[in-house]
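# Descriptive structure summary
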Amino acid sequence: MSGTFVGMPAFPKAAHEAVGNATLRGNLRHATHTIRAKRARAVAEVPDWAELREAGKRIKDHTLRHLDRYLVQLEESVTAAGGTVHWAADADEANRIVADLVKATGEREVVKVKSMATQEIALNEALEAEGIRAYETDLAELIVQLGKDRPSHILVPAIHRNRGEIRDIFAREMGAWGRPAPEGLTDTPAELAEAARLHLREKFLRAKVGISGANFMVAETGTLVVVESEGNGRMCLTLPETLISVVGIEKVVPTWRDLEVFLQTLPRSSTAERMNPYTSTWTGTTSEDGPREFHLVLLDNGRTDTLADEVGRQALRCIRCSACLNVCPVYERAGGHAYGSVYPGPIGAILSPQLRGTQSEIDASLPYASSLCGACYEVCPVAIDIPEVLVHLRERVAQGGEVTRDGNKVVLKPAKGHAAERAAMRAARWAFARPGALRAGQRLASRTRRLHPRSLPGPGRAWSEARELPPVPAEPFRDWWQRTRGGTEEGK
């Protein structure tokens, strides 16, 4: 998987630097607290929210168990409706397919409606290398693109920017990308939105090729669905002559009836709305309206390997609502860039290491980017047990292996791992299997407790920077029990 933020350090270092940025922390705290409070009110309106959540989980699990069948059905339905389906095993293949499709039209620019899959594979950079310019049309994505930045949130990619920063970006950069910002632009939301609307309008009317993602794909009809709040998606999906959609294979649902569940849970969990302002659906092509050509690029890029992990595969249920980010105390302080991936926050901490593997320093650190408080699981509309997967992935990193694929065979591939943690776990296993050695060790630790340091040395120093080691008791529990209760070793 491509899309790693080049040059990014592992999460602990990146988060340490981010926490020192007071402006960033203020922006994040205000935005996440506002969104999650609105979400809580929107969810409380639904008396059967728990049942909808369970239904979404079951639909996703059923689909993942039979993914091969539903993907074939989807291809047949899209083809029958006049579309063309392309299969991409990885980022390079997907980028090559899209670039070739754009070049076949003779065009050298495209408009995009926000798609995390295209960010995952670094499509914009790949198109630029082919002489094709991609224009982001979602307001937040436009801010990120003009600011030569990276997204830091699933729903609000420019959440780390305040209004003053956005005004400065528009005034400085818009002219180089098209229509410049109006003279005397202020930081009021209405003026910023109007500047973006005027800037994007000429691109919508000029573009012949549109690129999108999709929130869902309905297998029974070959219908794709995009939900959004600004209307830019509707423009990208209807005005261009050629539409190319790049979608992860896990986004398929079997039927329209299944879609009903997610169109209730996604808006409330993401934007705290009862219904998205724009819900666009399209099925193939028609001679009367919309694009004349439709291409669907189905992206694997590590998803099949993730599916092979019985614990980790639940990450593929994700409907990208971002609710987990907005309640996470770690994300609120560290921000999205610290995760070194287009998928930040709790879901990114379990998804990125599975899609990319745990070979890199960044990905090996992500399962540890959590306090395991469980708030992410409580708000997830498809009941992904993120803490469970985090612990599972920590075990994988500590054991020094990762799930990978050799042809059609899933194997455990050696990885770097955490040598110190692995050695500690082996020592603990040896001691717990030998009661005599454990008892002797406990007594030795109690008798030498005055010599013990108050913080850990070496690699453990970071853990004890904000806390002291707990003091060793003057007497082991076994000795205390025998002395006070008169028990025997056999009775304990």
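Here the residue numbers are simple positions, counted from 1 along each chain's written sequence. With the structure being a predicted model, the display of local features is reserved for residues of pLDDT at least 70 and the display and counting of side-chain atom pairs for 80 or more, all residues being used for whole-chain, interface and lining totals. As a convention, hydrogens and water are excluded, and side-chain values are obtained from all of the structure's heavy atoms.

### Some thoughts on the packing of helix H2 (residues 22-44) against helix H12 (residues 256-270)
The axes are straight lines fitted to the C-alpha atoms, using for helices just the contacting stretch, and the angles between their N-to-C directions are given from 0 to 180°. Helix and strand definitions follow DSSP, with helices as H or I runs of at least four residues and strands as E runs of at least two, each counted in order from the N terminus. Between H2 and H12, whose axes approach to 7 Å, the crossing angle comes to 145°. Contact with H2, carried on its side by Ile 35, Arg 39, Ala 42 and Val 43, involves Arg 268, Ser 269 and Ser 270 of H12 and no other residues of that element. Only heavy atoms enter the contact rule, under which two residues are in contact if any of them lie within 4.5 Å.

### Focus: the environment of Thr 448
Relative to the helices and strands, Thr 448 resides in the loop between helix H21 (435-447) and helix H22 (477-485). Relative accessible area serves as the criterion here: at 27%, Thr 448 is assigned to the partly exposed category. Measuring from C-alpha to C-alpha, the distance between Thr 448 and Ala 94 comes to 61 Å, with 354 residues separating the pair along the chain. N or O atoms closer than or at 3.5 Å make up a polar contact, with two conditions inside protein: a donor-capable atom paired with an acceptor-capable one, and, for residues adjacent in sequence, both atoms drawn from side chains. For Thr 448, the side chain forms a polar contact with the main-chain oxygen of Leu 444, separated by 2.8 Å. Burial classes: relative accessible area under 20% of the type maximum marks a residue as buried, over 50% as exposed, and values in between as partly exposed (1.4 Å probe, protein chains only).

### Observations regarding the domain arrangement of the protein chain
Note: domain ranges come from an automatic or database domain assignment. Looking at the protein chain, the domain boundaries give domain 1 (46-301) and domain 2 (434-484). Taking only C-alpha atoms, the centre of domain 1 and the centre of domain 2 are 55 Å apart.

### Concerning the side chain of Ser 115
Tracing the sequence through the fold places Ser 115 in the loop between strand S2 (109-112) and helix H6 (116-120). Judged by its relative accessible area of 5%, Ser 115 falls in the buried class. Ser 115 has contacts with Ser 212, Gly 213 and Val 246, leaving out every residue within four places of it along the chain.

### A word on the pattern of salt bridges
Salt bridge, as used here, is a side-chain nitrogen of Lys or Arg placed within 4 Å of a carboxyl oxygen of Asp or Glu. Counted by the stated rule, this structure contains 24 salt bridges. Between Arg 36 and Glu 332 there is a salt bridge, with its nearest N and O atoms 3.8 Å apart. A residue pair is termed long-range when its members are at least 10 positions apart, and Arg 36 in helix H2 and Glu 332 in helix H15 (residues 329-334) qualify at 296 residues. Judged by its relative accessible area of 28%, Arg 36 falls in the partly exposed class. For Glu 120, the salt bridge goes to Arg 303, with nearest N and O atoms at 2.8 Å. Placement of the pair is Glu 120 in helix H6 and Arg 303 in helix H13 (residues 303-307), with a sequence separation of 183 residues. Judged by its relative accessible area of 0%, Glu 120 falls in the buried class. Among the residues examined, Arg 303 registers a relative accessible area of 3% and is labelled buried. Shared partners join several salt bridges into a network, and the residues in it are Glu 120, Glu 250, Arg 303 and Arg 320.

### Observations regarding the sheet that holds strand S9 (residues 278-283)
Within a sheet, neighbouring strands are paired by backbone hydrogen bonds and run either parallel or antiparallel to one another. Strands qualify as paired when DSSP identifies two bridges or more between them. What the four strands build is an open sheet, ordered S8-S5-S6-S9; its pairing is mixed. This sheet does not close on itself; its edge strands, each paired only once, are strand S8 (252-253) and S9. Taken together, the six bridges between strand S6 (residues 223-228) and S9 define a ladder with antiparallel strand orientation. Bridging across to S9, Glu 228 finds its partner in Tyr 278.

### Quick notes on the packing of helix H3 (residues 49-65) against helix H4 (residues 67-80)
For the pair H3 and H4, the least separation of the axes is 5 Å and the interaxial angle reads 85°. The orientation of H3 with respect to H4, classified from their angle, is roughly perpendicular. The segment H3 lies against H4, with His 62, Thr 63, Leu 64 and Arg 65 engaging Leu 67, Arg 69 and Tyr 70. Put simply, angles under 35 degrees are roughly parallel, angles over 145 are roughly antiparallel, angles from 65 to 115 are roughly perpendicular, and the rest are oblique.

### Some points on the packing of aromatic side chains
For Phe, Tyr and Trp, where Trp contributes only its six-membered ring, two rings pair if their centres lie within 6.5 Å, and the inter-plane angle classes them as stacked under 30 degrees, edge-to-face over 60, or tilted in between. The full count for this structure, using the stated rule, is eight aromatic pairs. A ring pair is formed by Phe 11 and Tyr 339, whose centres lie 4.9 Å apart and whose planes are at 55°; its orientation type is tilted. A residue pair is termed long-range when its members are at least 10 positions apart, and Phe 11 in helix H1 (residues 11-19) and Tyr 339 in the loop between H15 and helix H16 (345-356) qualify at 328 residues. For Phe 11, a relative accessible area of 8% translates into the label buried. Aromatic pair Trp 282 and Phe 294: ring centres 6.3 Å apart, planes at 85°, arrangement edge-to-face. With Trp 282 in strand S9 and Phe 294 in strand S10 (residues 293-299), this pair connects stretches of sequence that are twelve residues apart. The class of Trp 282 is buried, set by a relative accessible area of 11%. Through successive ring pairs, a cluster of aromatic residues spans Phe 11, Tyr 331 and Tyr 339. The side chain of Lys 60 reaches across the aromatic face of Phe 262, ending 5.8 Å from its centre. It is Arg 69 that lies over the ring of Tyr 70; its NZ or CZ is 4.7 Å from the centre. Definition used: whenever NZ (Lys) or CZ (Arg) falls within 6 Å of the ring centre and also within 35 degrees of the ring normal, the charge is taken to sit over that ring.

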